[in-house]
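Examination of the molecular architecture
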Amino acid sequence: MLMKTNREFTCKYPMDKDQREFLHDNILNYAELMLTTGNPHMLLGTANTGAGKTFVISNYLIPSLVRLQIPGVKSLRNFLIIAPPREVRDDIWETLENLDYKTIDGLTVCVYEEKDLLDVANSKKSLKGDVNILVVTNAWFNKNHKKIHKNPNIKFDCIINDEAHYANGVPHIDD
């Protein structure tokens, strides 16, 4: 399955062949398989530092997952992205700020940060977009996951943990 995204034509930097095949298409195919079979298991994708994992996730994979339409299966609309602080600040926010309150195929996209997630968990705020993307750091998620875990106000269709080893106590190479 190959999906085209409208961001593909506006993104300043296109994916290279390996990024498309191994980071985008592979994950998209697995997501489709998981959704059609009801498999609750995770997908682990690995690649070298600098391979473009975060770039592909924020510029191409999220819009493609939003567009994924499977008859009889609920569409993915609420995303949680967990990443190291530098990647959140420098890579993900830079991309997603361009999506905030814009659209993917007519669906309004809203991007939220850590404080917004706690406000939703405490019923002080509700998610307003057709597509909601919440972005938090690994450290923040580790500290606050009990406040949001099983919270009836928060339901994620897709959780992407970029640099999951970092969240599990394995230091990042830069540390």
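One can find the structure itself at the top, above this paragraph.
What this report covers is the structure whose coordinates are included nearby. A quick note: this is a predicted structure, and the numbers were derived from the prediction, not measured.

Remarks on the overall build of the protein
The helix and strand tally for the protein stands at six helices and five strands. Ordered by position in the sequence, the α and β elements of the protein form the string α-α-β-α-β-β-α-β-α-β-α. The proportion of buried residues among the 175 residues of the protein is 44%. As displayed, the protein offers around 10100 Å² of accessible surface, 53% of which is attributable to carbon and sulfur atoms.

Regarding the pattern of salt bridges
Under the defined criterion, the tally for this structure stands at seven salt bridges. The shortest N-O distance in the salt bridge between glutamate 21 and lysine 17 comes to 3.4 Å. Here the residue glutamate 21 and the residue lysine 17 both occupy positions in helix α1 (residues 17-37), the gap between them amounting to four residues, near one helical turn. According to the relative accessible area criterion, lysine 17 is exposed, its value standing at 61%. With a closest N to O distance of 2.7 Å, arginine 67 and aspartate 105 form a salt bridge. Here arginine 67 is found in helix α2 (residues 53-67), whereas its partner aspartate 105 is found in the loop between β2 (102-104) and β3 (107-112), with 38 residues between them in sequence. Connected through shared salt-bridge partners, Glu113, Lys115, Asp116 and Lys125 make up one network.

Let's talk about helix α4 (residues 114-121)
Of all the residues in α4, the buried ones are Asp116, Leu117, Leu118, Val120 and Ala121. Downstream of α4 by a residue or two, serine 123 has a phi angle that is positive, lying close to 60°.

What to know about the pairing of strand β5 (residues 158-161)
Along β5, the buried face is formed by Cys158 and Ile160; none of Ile159 and Asn161, which line the opposite face, is buried. As judged from the four bridges shared by strand β1 (residues 78-83) and β5, these two strands associate in the parallel manner. Bridged to phenylalanine 79 within β5 is cysteine 158.

Structural notes on the packing of α1 against α2
At their nearest, the axes of α1 and α2 sit 10 Å apart, and the two run at 40° to each other. Our classification of the angle between α1 and α2 gives oblique. In the crossing of α1 with α2, the sense of the turn from one axis to the other is right-handed. Taking contact as the criterion, the partners of Gln19, Leu23, His24, Ile27, Leu28 and Ala31 in α1 are, on α2, Lys53, Phe55, Val56, Tyr60, Leu61, Ser64 and Leu65. Looking at the contact of α1 with α2 residue by residue, the class counts come to nine nonpolar, three polar and one charged.

With respect to the nonpolar core
Counting residues in each nonpolar core, the largest one holds 24 residues, and the members touching the most others are Ile62, Leu65, Phe79, Leu96, Ile133 and Val135. Looking at this core, the elements that each hand over two or more residues are α1, α2, β1, α3 (85-96), β3, β4 (131-137) and β5. If one sorts the elements of this core by residue count, α2 sits on top with five residues. If sequence neighbours within four positions are ignored, leucine 96 has contacts with Ser58, Ile81, Val111, Ile133 and Val135. Leu80, Leu134, Val136 and Ile154 belong to the second largest nonpolar core, which has 13 residues in total.

Focus on the pairing of β1
Among the six residues of β1, six are classified as buried, and the element is accordingly described as predominantly covered. On β1, burial covers both faces: Asn78, Leu80 and Ile82 on one face and Phe79, Ile81 and Ala83 on the other are all buried. Bridge count between β1 and β4: six bridges; the pairing is parallel. Within β4, the position partnered with leucine 80 by the bridge is leucine 134.

Definitions and limits used
Residues numbered from 1 in each chain as written. Predicted model: local features only at pLDDT ≥ 70, side-chain atom pairs only at ≥ 80, totals over all residues. Heavy atoms only, no water. Helix = DSSP H or I, 4+ residues; strand = E, 2+ residues; numbered from the N terminus. Buried < 20%, exposed > 50% of the residue type's maximum accessible area, 1.4 Å probe, protein only. Areas by Shrake-Rupley, 256 points an atom, 1.4 Å probe, with all protein chains shown as cover. Salt bridge = Lys/Arg side-chain N within 4 Å of Asp/Glu carboxyl O. Pairing = 2+ DSSP bridges. Axes fitted to C-alpha atoms, helices over the stretch in contact; angles between N-to-C directions. Parallel < 35°, antiparallel > 145°, perpendicular 65-115°, else oblique. Left-handed = near helix turned anticlockwise from the far one by under 90°. Contact = heavy atoms within 4.5 Å. Nonpolar A, V, L, I, M, F, W, Y, C, P; charged D, E, K, R; others polar. Core = buried A, V, L, I, M, F, W, Y, C linked by side-chain atoms within 4.5 Å.

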